[in-house]
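Listed below, chain by chain, are the residues.
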Amino acid sequence: MLPRTIGALLRSGVETISIMDDNSGDGTALAIDVLCATLSNVYRIPTITDLSGGLTMDGPVFGPILARDQPDWILVGDPDEFWISKSGDLRKTHALKDHDLVIIERFNAALRPEEPDLVHLETDGALRDLPLIVKQVQLSRELMDAEPEHRWITHKLAPKLMVRPDQLSRFGLGMHTVFGKEGTQLRRTQGQDVVIAHLPFSSYERFERKVNNARLVFERFDAEHSGNKAWHWRRWIEIQKNGKLREEYDRQFLSENELTGCRESGAVTTATGIFALRKTEADARRLTRERMEK
């Protein structure tokens, strides 16, 4: 998964990429070594022991990156996230011109049991045609316990961000929020010409490893994940303890009939479809304003 994610970012105009491997045991470390040896603009970030310090712009993660690359913009993502730009070039994102923070929506991929074939994710066209769940539900642990028919795959995901680092103090936990420098009022907006396709269920083995890794993260940084933070990971850890993780994994996939029905109802579409819908809505708002101004 990681090499394909890196390839997609580089094709989209990202100039340098820094990767953190937090004690993986699945071959990721070797993949990073190969990427760093092959590509002069891919770097490895040392693993951190202080989670809070790792979120600050002058800390052990971002401090060296900013000093080395001096980027105008940074984005933070995971290996199972594919950033899809309408123009094909993230540097041409319209909102970058007049903002400090661009909020990018994430959508889970709507996959059938035999998918995904990761080879097909190596082209921008394939990513644009990937079915995405756009009718999302704001799930919680309490709701899923009360109504177990819900699938996590339909959950409304927290967004990711494109940010000007010179305006920031630090990221929030999970990189879904940011905090500006003291006295700074961040100019923020919703990105209309970029989406993120999220593929959390590419194989059962990978999902199981992620749940195991989440358990280790909580052992190291439990205090930072208090309350409802990362509730879905705690739920999956409990499901694993009960011996039903495979059943939970299988529930996330759609049958052919389900996928067809979701496409017809508009609950599932592609990045191309999202961009077209956003344009239609923007045109409608513009026409409404013009009528009101007459």
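Reading the values: the criteria
- Residues numbered from 1 in each chain as written.
- Predicted model: local features only at pLDDT ≥ 70, side-chain atom pairs only at ≥ 80, totals over all residues.
- Heavy atoms only, no water.
- Pairing = 2+ DSSP bridges.
- Helix = DSSP H or I, 4+ residues; strand = E, 2+ residues; numbered from the N terminus.
- Axes fitted to C-alpha atoms, helices over the stretch in contact; angles between N-to-C directions.
- Buried < 20%, exposed > 50% of the residue type's maximum accessible area, 1.4 Å probe, protein only.
- Core = buried A, V, L, I, M, F, W, Y, C linked by side-chain atoms within 4.5 Å.
- Contact = heavy atoms within 4.5 Å.
- Expected span 1.5 Å × (residues − 1).

1. Some points on the sheet that holds strand β6 (residues 106-108)
Thinking step 1. Pairing within the open sheet is mixed, and its 3 strands lie in the order β4-β12-β6. A single partner strand is all that each edge strand has here, and the edge strands are β4 (81-85) and β6. Taken pair by pair, the neighbouring strands of this sheet meet at an average axis angle of 30°, ignoring direction.
Thinking step 2. The pairing of β4 with strand β12 (residues 194-198) spans 5 bridges and is antiparallel. Across the sheet, E81 pairs through a bridge with H198, a residue of β12.

2. Considerations on the sheet that holds strand β5 (residues 101-104)
Thinking step 1. Across the sheet, 4 strands lie side by side as β3-β8-β5-β11; this open sheet has mixed pairing. Each having just a single partner strand, β3 (74-75) and β11 (188-190) make up the two edges of the open sheet.
Thinking step 2. Here β5 pairs with strand β8 (residues 160-163) via 4 bridges, running antiparallel. Its bridge partner being in β8, V102 is matched across the sheet by M162.

3. Points about unusual backbone geometry
Thinking step 1. Of note, Q70 is a non-glycine position whose phi angle comes to about 45°, a positive value.
Thinking step 2. Relative to the assigned elements, Q70 resides in the loop between α3 (62-69) and β3.
Thinking step 3. The phi dihedral of M175 falls on the positive side, at around 65°, and the residue is not glycine.
Thinking step 4. For M175, the position within the fold is in the loop between β9 (168-171) and β10 (178-180).
Thinking step 5. The buried category is assigned to M175, whose relative accessible area is 18%.

4. Thoughts on the nonpolar core
In globular proteins that are soluble, nonpolar side chains generally tend to be buried together.
Thinking step 1. By size, the foremost hydrophobic cluster in this structure holds 41 residues, and its most contacted members are F82, L130, L132, L199, F201 and W236.
Thinking step 2. Residues contacting L130, with those up to four places away along its chain left out, are A109, L111, L121, A197, L199, T269, T270 and A271.
Thinking step 3. Membership of the second largest hydrophobic core comes to 20 residues, among which are L51, M57, V61 and L186.

5. Section: helix α6 (residues 204-221)
Thinking step 1. The end-to-end C-alpha separation of α6 is 25 Å, in line with the 26 Å expected for 18 residues at 1.5 Å each.
Thinking step 2. Buried-residue contacts for α6 involve α7 (231-241) and α8 (245-250).

Purely geometric stuff here, so don't read any function into it on its own.
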